[in-house]
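So you can see what is in the structure, the chains are spelled out below.
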Amino acid sequence: MTPHDGGLDSLVRQRIRALRLAQGWSLEELATRARLSQSTLSRIENGQRRLALDSLVTLARALDTTLDQLVETATDDIVTSPVIDVTRGQMHWPITAYPGMTVVRRRMTEPPPDSPSRMRAHPGHEWLVVLSGTAVLLLGDRRIRVEANQAAEFPTMLPHAIGAEGGPCEVLGVFDRDARRGHQRAGGGDEGSGPPR
């Protein structure tokens, strides 16, 4: 890195040290994993040695991260406001660091559909947590109760739908790009756990 990259240089050094400490590793342990000398690693962390690309790649690998994550700069878009879909009773937020992923908050009052023909199957993966109430997840031929503060994660190639049990429930769901597209193509009716269009 050049002298003009002083802010980034300092940030990368702080990340290396913070990631090492988060793993509970000493300088010696990380140095061994990265095949560097302990003194070289110490000088990298303390700013006494130039950051070289080959060392950064090796350190990123040893720290179980990527070079992109190690050198990414802070973004101004820290706080995001939701998009509100009043007709469907939900709000959603895109996850900018992972294009295509969406977080959806939805209040449900209807039980899941009683007909298997109304369940959806499509490529993707979904994760949801019940914020309040009790949700029922229909997944293939299984009926799964998900209580407040419990989460469910499943591949969306299994036919699935979600609804409320015993009164309204509120869920927070995370949809990968394929799951979000699958629900958009299906038209996004009230049944199921899909994000808004």
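The rules we used
Residues numbered from 1 in each chain as written. Predicted model: local features only at pLDDT ≥ 70, side-chain atom pairs only at ≥ 80, totals over all residues. Heavy atoms only, no water. Helix = DSSP H or I, 4+ residues; strand = E, 2+ residues; numbered from the N terminus. Buried < 20%, exposed > 50% of the residue type's maximum accessible area, 1.4 Å probe, protein only. Contact = heavy atoms within 4.5 Å. Areas by Shrake-Rupley, 256 points an atom, 1.4 Å probe, with all protein chains shown as cover. Pairing = 2+ DSSP bridges. Axes fitted to C-alpha atoms, helices over the stretch in contact; angles between N-to-C directions. Parallel < 35°, antiparallel > 145°, perpendicular 65-115°, else oblique. Left-handed = near helix turned anticlockwise from the far one by under 90°. Salt bridge = Lys/Arg side-chain N within 4 Å of Asp/Glu carboxyl O. Arc of directions from axis to C-beta. Polar contact = N/O pair within 3.5 Å; in protein donor to acceptor, adjacent residues only side chain to side chain.

### Topic: the overall build of the protein chain
Turning to step 1, where the next piece is worked out: A tally of helices and strands in the protein chain yields six helices and nine strands.
Turning to step 2, where the next piece is worked out: The proportion of buried residues among the 197 residues of the protein chain is 37%.
Turning to step 3, where the next piece is worked out: A fraction of 64% describes how many contacts in the protein chain between residues 6 or more apart in sequence connect residues 24 or more apart.
Turning to step 4, where the next piece is worked out: In the structure as shown, the protein chain presents an accessible area of about 11400 Å², 51% of it carried by carbon and sulfur atoms.

### Points about the sheet that holds strand β8 (residues 160–164)
Turning to step 1, where the next piece is worked out: The strand order β6-β5-β8 describes an open sheet built from three strands, whose pairing is antiparallel. Either end of the sheet is taken by a strand with one partner, and the two such strands are β6 (142–147) and β8. Geometrically, the sheet is characterised by an average inter-axis angle of 20° between neighbouring strands, direction not taken into account.
Turning to step 2, where the next piece is worked out: Of the strand pairs in this sheet, strand β5 (residues 134–139) and β6 are connected by six bridges, and their pairing is antiparallel. Paired with A135 across the strands is V146, a residue of β6.

### Examining the packing of helix α2 (residues 27–34) against helix α4 (residues 53–62)
Turning to step 1, where the next piece is worked out: α4 packs onto α2 with a crossing angle of 110° between their chain directions and a minimal axis gap of 8 Å. If you check the angle between α2 and α4, you find them roughly perpendicular. For the element pair α2 and α4, the recorded crossing hand is right-handed. Where α2 abuts α4, its residues L30, R33 and A34 lie against T58, L59 and A62.

### What about the pattern of salt bridges?
Turning to step 1, where the next piece is worked out: Applying the stated rule across the entire model yields seven salt bridges.
Turning to step 2, where the next piece is worked out: Close ionic contact of E165 with R143 constitutes a salt bridge, the shortest N to O distance being 4.0 Å. Taken together, the positions of E165 in the loop between β8 and β9 (169–175) and R143 in strand β6 put the pair 22 residues apart, joining distant regions of the chain.
Turning to step 3, where the next piece is worked out: On the basis of relative accessible area, R143 is assigned to the exposed category, the value being 56%.
Turning to step 4, where the next piece is worked out: The network of salt bridges with shared partners includes R143, R145, E147 and E165.

### Regarding helix α3 (residues 38–46)
Turning to step 1, where the next piece is worked out: If you check which residues of α3 are buried, you get T40, L41, I44 and E45. The buried residues of α3 occupy an angular sector of 130° when the element is viewed end-on, so they sit on one face.
Turning to step 2, where the next piece is worked out: Positive phi shows up at G47, right after α3, with a value of about 80°.

### A short note on α2
Turning to step 1, where the next piece is worked out: Here α2 has its buried residues at L30, A31 and A34. Buried positions in α2, seen along its axis, are confined to an arc of 100° and lie on one side of it.
Turning to step 2, where the next piece is worked out: Phi turns positive, to about 55°, at R35, one or two residues after α2.

### Let's talk about the environment of T65
Turning to step 1, where the next piece is worked out: Locating T65 in the fold gives a position in the loop between α4 and α5 (67–71).
Turning to step 2, where the next piece is worked out: Beyond its immediate chain neighbours, meaning those up to four positions away, T65 contacts L19, A60 and L70.
Turning to step 3, where the next piece is worked out: Separated by 2.7 Å, the side chains of T65 and Q69 make a polar contact.

### Re the side chain of E45
Turning to step 1, where the next piece is worked out: Position of E45 among the secondary structure elements: in helix α3.
Turning to step 2, where the next piece is worked out: Look at E45 and you get buried, because its relative accessible area is 9%.
Turning to step 3, where the next piece is worked out: In this structure the side chain of E45 is engaged in a polar contact, spanning 2.7 Å, whose partner is the side chain of R20.
Turning to step 4, where the next piece is worked out: Apart from residues no more than four positions distant in its own chain, E45 is found in contact with R13, I16, R17, R20 and L27.

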